[in-house]
Amino acid sequence: SEVIVAHGASDTVACGTVDSVYDGDIAISCSYGNHTVDISGCHKACLTTDPAVTLSFGGNMVSPASRLNHGATETRLCSSLGNKYSGNLNLLCVNGNVGITHTCTALCADGDTSAITLGSVTTNVPFAQLADGAGTTIACSSVRAEYNSDMSVTCVTGDLVPGDADRKSTRLNSSHL
């Protein structure tokens, strides 16, 4: 559409009338028949058809659920990425680019297993649910009878990570068995 601006006046036109991918306003002013156009108020929106962004954890890829205007934020639950995640995921649109901040943590779910190796024997041991960063201990004898002491297992971003069993447990002499 045509915009007529009188001498000494100014007006704005929505950037989207020129290109629907943009938000904001174009400022137009007129002085003695010369017009000035300022498009610095136009910013590209983030669209659902834009390439997805890969998260730094879990390899998940996300895109806005709907069009995000420049400067707008979409918040979703981290559990939308999988049931082991909790917290919030924020997608922020900055001139057509999606930025991400999050408070997502990954639980180690009830029944997840960790491969525990003592000597030459490896056993998958199931664990109860653990929060990200939380740990627990198990009796080494529950994996291999001839070992005593305890070993730690920690939940790290949804994966159960065993401690170093060889340093934390001692093998009983066979005369003690």
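These numbers were taken from a predicted model, which means no experiment stands behind them.

Chemist: An account of the overall build of the protein is requested, with residue identities and associated values reported.
Modeler: Assigned secondary structure in the protein consists of 1 helix and 19 strands. Radius of gyration (C-alpha) of the protein: 29 Å, far over the 16 Å computed for a compact globule of 177 residues. Reported as C-alpha extents along the three principal axes, the dimensions of the protein are approximately 105 × 25 × 20 Å. When contacts within the protein are restricted to residue pairs at least 6 apart in sequence, long-range pairs at least 24 apart make up 33% of them.

Chemist: Please set out the side chain of N60 residue by residue, giving values where relevant.
Modeler: With respect to the element layout, N60 can be found in the loop between β6 (53–54) and β7 (61–62). By relative accessible area, which is 19% here, N60 ends up buried. Apart from the residues lying within four places of it in its own chain, the contact partners of N60 are V53, T54, L55, L81 and Y85.

Chemist: Account for the nonpolar core, naming residues and giving values.
Modeler: In this structure, I116, L118, F127, I138, V143 and L160 are the most contacted members of the largest nonpolar core, which totals 14 residues. Elements with a contribution of two residues or more to this core: β13 (113–118) and β17 (150–156). Top contributing element to this core by residue count: β17, with 3 residues. Sequence-distant contacts of I138, that is, excluding residues within four places in its chain, are made with I116, F127, V143, S149, D150 and M151. With 13 residues, the next largest nonpolar core counts F57, C78, L81 and C104 among its residues.

Conventions and cut-offs
Residues numbered from 1 in each chain as written. Predicted model: local features only at pLDDT ≥ 70, side-chain atom pairs only at ≥ 80, totals over all residues. Heavy atoms only, no water. Helix = DSSP H or I, 4+ residues; strand = E, 2+ residues; numbered from the N terminus. Rg over C-alpha atoms; globule rule 2.2 N^0.38 Å. Contact = heavy atoms within 4.5 Å. Buried < 20%, exposed > 50% of the residue type's maximum accessible area, 1.4 Å probe, protein only. Core = buried A, V, L, I, M, F, W, Y, C linked by side-chain atoms within 4.5 Å.

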